[in-house]
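Secondary and tertiary structure notes
Here is how the chains run, residue by residue.
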Amino acid sequence: MDLKDSLSKFKQQQERCQSSLASIAASALKPKHRAQPVNAPSAPLRPSQPIKFSNDTERLQHINSIRKSPVGAQIKLVIELLYKTRQAFTAEQINETTYVDIHGNKAVFDSLRNNLKVSYDGRRFSYKSKHDLKGKDQLLVLIRKFPEGLAVVEVKDAYPNVLEDIQALKAAGEVWLLSNMDSQEDIVYPNDPKAKIKVDDDLKQLFLGIELPRDMVDIEKELQKNGIKPMTNTAKRRAAAQINGVKPKAKPKKQREITKRTKLTNAHLPELFQNLNT
């Protein structure tokens, strides 16, 4: 019995030893974690990034600045949108594009509704020019309705490329484009195709050789005597200049050489015949 007990105890000891060895081997396979000393310096921290406003914050600031701006400034933004696009916009679409809150600002709404350059149909806003023109053909029809001339400023906002079309009509000989000496504005005149006639060279020379008065006031009087309304009013302009204390412009040296024997003619208007058939 003693021998059996001894063998049994020996087996138990072997089993315990094997289990101990197995646990030691398992712990050896695990990665070791080195403990950091308490007084060891910590790893340097990354520098903190500067705080930036988000795009949404900047957008909200921009919207707030527009809506706090004067009514006139907001009206200008809307009219510029309508003029450039030539499309009709609802109040909501205008708000999305320009940030002008029409429904939220009664003063802006009333000003837009009553503006001469804005058309409002009860729902949409659109640009309104003095003359509703869609292209060069309609422009020419309108110009022919004004034989005494049409100011370019009255049609320059009719549609985006109206000024280019006026130049094209001038190049084609359909219209005349002259400047008003008083207002310094361009005036466009119709060149009626029915008036295109053949002019003899002798008649041209006779016209170019006609002697003219030396003073613009006298020229205007002669035009009025012949039933022609002059495009200038020199007497009125001179009177206004005297009232406002504006000194008359000094005449150039070449004009000082003009004497009573100097002959002034229509020779300075050769372009009147440049498009006539010869």
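In what follows, the structure referred to is the one given above.
Residues numbered from 1 in each chain as written. Predicted model: local features only at pLDDT ≥ 70, side-chain atom pairs only at ≥ 80, totals over all residues. Heavy atoms only, no water.

This part covers the sheet that holds strand E1 (residues 89–90). By way of backbone hydrogen bonds, the strands of a sheet pair with one another, either parallel or antiparallel. Across the sheet, which stays open at both edges, the three strands sit in the order E1-E3-E2 with antiparallel pairing between neighbours. Either end of the sheet is taken by a strand with one partner, and the two such strands are E1 and strand E2 (118–120). Sheet topology places E2 next to strand E3 (residues 124–127); three bridges connect them, and they run antiparallel. Pairing of Tyr 120 across the sheet is with Phe 125, part of E3. (Pairing = 2+ DSSP bridges. Helix = DSSP H or I, 4+ residues; strand = E, 2+ residues; numbered from the N terminus.)

Attention now goes to the pattern of salt bridges. Summed over the entire model, instances satisfying the criterion amount to nine salt bridges. Residue Asp 110 pairs with Arg 113 through a salt bridge whose shortest N-O separation is 3.2 Å. In this pair, Asp 110 and Arg 113 are both assigned in helix H5 (residues 106–113), three residues apart and thus about one turn of the helix distant. Ionic pairing is found between Arg 144 and Glu 174, a salt bridge with its closest N-O pair at 3.0 Å. With Arg 144 in the loop between helix H6 (136–143) and strand E4 (150–151) and Glu 174 in the loop between helix H7 (162–171) and strand E5 (175–179), this pair connects stretches of sequence that are 30 residues apart. Look at Arg 144 and you get partly exposed, because its relative accessible area is 39%. Glu 174 sits in the partly exposed class, given a relative accessible area of 23%. Each of Lys 106, Asp 110 and Arg 113 takes part in salt bridges that share partners, so that together they form one network. (Salt bridge = Lys/Arg side-chain N within 4 Å of Asp/Glu carboxyl O. Buried < 20%, exposed > 50% of the residue type's maximum accessible area, 1.4 Å probe, protein only.)

Glancing now at the sheet that holds strand E6 (residues 186–190). The strand order across the open sheet built from three strands is E4-E6-E5, with neighbouring strands paired in antiparallel fashion. On the outer flanks of this sheet lie E4 and E5, each paired with one strand and no other. Here two bridges tie E4 to E6, and the two strands are oriented antiparallel to one another. Looking across to E6, one finds that Leu 150 is bridged to Val 188.

Quick look at the packing of helix H3 (residues 71–85) against helix H4 (residues 91–98) now. Running from N to C, H3 and H4 cross one another at 100°; their axes reach a closest spacing of 11 Å. Relative to H4, the element H3 is oriented roughly perpendicular. The residues of H4 that touch H3, namely those facing Leu 77, Val 78 and Leu 81, are Ile 94, Thr 97 and Thr 98. Its residues placed into classes, the contact of H3 with H4 shows four nonpolar, two polar and no charged. (Axes fitted to C-alpha atoms, helices over the stretch in contact; angles between N-to-C directions. Parallel < 35°, antiparallel > 145°, perpendicular 65-115°, else oblique. Contact = heavy atoms within 4.5 Å. Nonpolar A, V, L, I, M, F, W, Y, C, P; charged D, E, K, R; others polar.)

Another aspect to go through is H7. What H7 keeps buried is the set Val 162, Asp 165, Ile 166 and Leu 169. Buried residues in H7, looked at end-on, bunch into an arc of 105°, giving them a common side. H7 presents Glu 164 and Ala 171 as exposed residues on the side facing more than 90 degrees away from its buried surface. Each element contacted by the buried residues of H7 is listed here: H6 and E5. (Arc of directions from axis to C-beta.)

On to the pairing of E3. Strand residues, when the strand is regular, have side chains that alternate between the two faces of the sheet. Here E3 shows a clear split, with Phe 125 and Tyr 127 buried on one side and none of Arg 124 and Ser 126 buried on the other. Pairing analysis gives two bridges linking E1 to E3, with the strands arranged antiparallel. Directly across from Thr 90, in E3, lies its bridge partner Arg 124. In textbook terms, the turn of a hairpin is the stretch between consecutive antiparallel strands, and for E2 and E3 this stretch comprises three residues, one of which, Gly 122, has a positive phi near 100°.

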